[in-house]
Each structure stands twice: as C-alpha cells, then as structure tokens.
Amino acid sequence: MKLYLTPGSCSTGIHILMEELDLVFEAHLVNLLNGDQNTPEYLAMNPKATIPTLVRNDGTALTEFPAIAYWLARSYPKARLLPGDPDGDARVIELMDYVVGTIHGLGFTRIFTTDKFALHEADFDAVKAQGMDIVTRGFAVVNDSLSPQGYVMDTFSIADAALFYVEFWADKTGISLPEMCLKHYLLMLQRPVVRRVLMEEGYRLD
Ligand SMILES: N[C@@H](CCC(=O)N[C@@H](CS)C(=O)NCC(=O)O)C(=O)O
C-alpha cells in the first residue's frame, strides 16, 4: 500500500494506525506548501487535493481520515481498533467525526489557513479567534466524554489516533488542553508506535 502524507498533519493519525497494525507500506511525502497536492498526478488519485490518501493493494485510492481509519480497522480486525459492537463502534465514529469535522475542519483550519476564510487581511484576527473558540469548545466537549482509563473507549481505537493529531496541533500552537485531553495526549505519547511515527516524521521527542 502507499500512504500519501505530510509530516505533522492529520495524516499522522493514519500513519500511527498503519504502524500500530504493523503494515508494510510506502510513505509518499506530499509538500502542501509546495502545492504537491495540486499536481495532475495527485489530483488523478485524489481530486479533493487533500492528504491523507491511501492507495490500497488493489490500486484503488481511499480518502478522508474517518473512511481510511474505518477501512483499516475493519480490514485488520484482530487488532481490535474498533470495539466490535454496534454501540461501541458508533461511539468511536461519533468522536472521530467530531474531531475531524469540527475541531480540525472548522477550528484548526481557520487558524492554519486563515486566508481561505477571509477576503481581507483586516479580518484575519477575527477568523483566527473564531477558530480558537471552536477548538477550545471542541476539546471541552471531548474532555467530558473520555474514559477514566484515558482513551476514548476502554482500549485504544481509531478515534484515539484522530484525537491525538489535534492534541498534537494544540501542543505545537500553544493551546492548552483540558485535564482529560492532556491525560489522553500524554498516554498516546507513551505508545512506542506514536513515538516512532513522530520521529519518522522529523519530530524530536524530549
Ligand atoms: N476531511 C479531510 C480533511 C483532510 C485535510 O483537510 N487535510 C489537510 C491537511 S491536515 C489538507 O490536505 N489540506 C490541503 C491544503 O492545505 O491545501 C479528511 O478527513 O481527510
């Protein structure tokens, strides 16, 4: 398989899941700042011009974090990346969708790509503040739903990889995490695979 990723981005969550599953795959770096995602070759594979993209062994490309994560969990069920019962699976998808759609899609996107949300530079600060508000409220909602063990459910699931990448962004941008999210982040940072992936993506762990 081939995973198209950008270090330190949402694809880091998929990278973590693939290494948790011990899968053999080629990592292809996509430089978003250079516009690699807009080349005809990339658009032929993923017309949305986003990462992550996973090209599977049958040659088909899968996009969207939740879809890729779900496909990985269902394709390699022994790893139990989904609880396996309808209610548990729905809870995992519920949180993952909120993280990707709201905290990332509505919140961090306003902070990282402010110019896509404001026509005039004079409005940038307001858009960023709006993004901060969405992110802060999003983490507060997630905080109240985490399990006492520290993960989203009793054990590690695909939702934890999603939550981790936005917590990583919060850490890198100086946004403080509420208590349970911080506990979750630190728990994730103790996982050998998470540490390895961050190092592979060029981050130093102190
Ligand atoms: N809904 C998409 C969002 C993916 C996304 O927005 N990825 C960002 C990087 S974290 C991206 O590719 N941005 C393209 C760009 O900035 O041009 C998903 O779940 O995969």
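Preceding block: the structure.
Conventions we followed
Residues numbered from 1 in each chain as written. Predicted model: local features only at pLDDT ≥ 70, side-chain atom pairs only at ≥ 80, totals over all residues. Heavy atoms only, no water. Helix = DSSP H or I, 4+ residues; strand = E, 2+ residues; numbered from the N terminus. Rg over C-alpha atoms; globule rule 2.2 N^0.38 Å. Contact = heavy atoms within 4.5 Å. Areas by Shrake-Rupley, 256 points an atom, 1.4 Å probe, with all protein chains shown as cover. Lys, Arg positive; Asp, Glu negative; His and termini not counted. Charge placed at Lys NZ, Arg CZ, Asp CG, Glu CD. Buried < 20%, exposed > 50% of the residue type's maximum accessible area, 1.4 Å probe, protein only. Polar contact = N/O pair within 3.5 Å; in protein donor to acceptor, adjacent residues only side chain to side chain. Axes fitted to C-alpha atoms, helices over the stretch in contact; angles between N-to-C directions. Parallel < 35°, antiparallel > 145°, perpendicular 65-115°, else oblique. Nonpolar A, V, L, I, M, F, W, Y, C, P; charged D, E, K, R; others polar. Near = heavy atom within 4 Å. Salt bridge = Lys/Arg side-chain N within 4 Å of Asp/Glu carboxyl O. Left-handed = near helix turned anticlockwise from the far one by under 90°. Pairing = 2+ DSSP bridges. Core = buried A, V, L, I, M, F, W, Y, C linked by side-chain atoms within 4.5 Å.

(A) Structural detail: the overall build of the protein chain. Each helix and strand in the protein chain was counted, giving eight helices and four strands. Seen in sequence order, the protein chain has helices and strands lined up from the N terminus as β-α-β-α-β-β-α-α-α-α-α-α. Relative to the globule expectation of 17 Å for 206 residues, the C-alpha radius of gyration of the protein chain, 17 Å, shows essentially globular dimensions. For the protein chain, the spread of C-alpha atoms along the principal axes amounts to about 50 × 45 × 35 Å. Relative to all contacts within the protein chain whose residues are 6 or more apart in sequence, the contacts with residues 24 or more apart total 64%. Carbon together with sulfur atoms contributes 54% to the accessible area of the protein chain, which is approximately 10600 Å² in total. Of note, the protein chain has its 17 positive side-chain charges centred 3 Å away from the centre of its 27 negative side-chain charges.

(B) Up close: the side chain of His104. Mapping His104 onto the fold places it in helix 4 (residues 86–112). Residue classification places His104 among the buried positions, given a relative accessible area of 17%. A polar contact is formed between the side chain of His104 and the side chain of Tyr165, at a distance of 2.8 Å. Here His104 is in contact with Cys10, Val99, Thr109, Tyr165, Val166 and Trp169, once residues within four sequence places are set aside.

(C) Up close: the packing of helix 1 (residues 11–20) against helix 3 (residues 65–75). Two numbers describe how helix 1 lies on helix 3: the axes approach to 10 Å, and their chain directions differ by 5°. One way to sum up the angle between helix 1 and helix 3 is to call them roughly parallel. On helix 3, the residues touching Gly13, Ile14, Leu17 and Met18 of helix 1 are Phe65, Ile68, Ala69 and Leu72. Its residues assigned to classes, the contact of helix 1 with helix 3 comprises seven nonpolar, one polar and no charged.

(D) Structural view of the site of the ligand. Around the ligand, a shell composed of 15 residues is seen, among which Cys10, Gln37, Ile51, Glu64 and Phe65 lie nearest. Within the side chain of Gln37, a nitrogen or oxygen atom sits 2.8 Å from an oxygen atom of the ligand. Within the complex, 77% of the 510 Å² of free accessible area of the ligand lies under protein. At the level of elements, helix 3 and helix 4 are the ones that each hand at least two residues to the shell around the ligand. Along the lines of polarity and charge, the residues of the shell around the ligand split into nine nonpolar, four polar and two charged.

(E) Broad picture of the pattern of salt bridges. Considering all chains together, one arrives at six salt bridges under this definition. The partner of Arg137 in a salt bridge is Asp133, with the nearest N and O atoms 3.3 Å apart. Taken as a pair, Arg137 and Asp133 lie in helix 5 (residues 124–143) at a separation of four residues, close to a single helical turn. What makes Asp133 partly exposed here is its relative accessible area of 40%.

(F) Inspection of the packing of helix 4 against helix 5 at higher detail. Remark: helix 4 packs on helix 5, axes separated minimally by 6 Å, with the N-to-C direction vectors making an angle of 160°. Relative to helix 5, the element helix 4 is oriented roughly antiparallel. Between helix 4 and helix 5 the crossing geometry is left-handed. The segment helix 4 lies against helix 5, with Leu95, Tyr98, Val99, Thr102, Ile103, Leu106, Gly107, Phe108, Arg110 and Ile111 engaging Val127, Lys128, Gln130, Gly131, Met132, Ile134, Val135, Arg137, Gly138, Phe139, Val141 and Val142. Looking at the contact of helix 4 with helix 5, its residues break down into 14 nonpolar, five polar and three charged.

(G) Just the sheet that holds strand 3 (residues 53–55), in detail. One open sheet accounts for four strands, arranged 2-1-3-4; its pairing is mixed. The sheet is open, and its two borders are formed by strand 2 (26–29) and strand 4 (61–63), each paired with just one other strand. The mean inter-strand angle of the sheet, taken between neighbouring strand axes irrespective of direction, is 20°. Pairing of strand 3 with strand 4 involves three bridges; the strand directions are antiparallel.

(H) View of the nonpolar core. Ranked by size, the top nonpolar core spans 62 residues in total, and within it Phe108 and Phe139 carry the most contacts. By residue number, the principal contributor to this core is helix 6 (residues 158–173), which donates 11 residues. Beyond its immediate stretch of four places on either side in the chain, Phe108 contacts Ile103, Val135, Phe139, Val166, Trp169, Ala170, Thr173 and Ile175.

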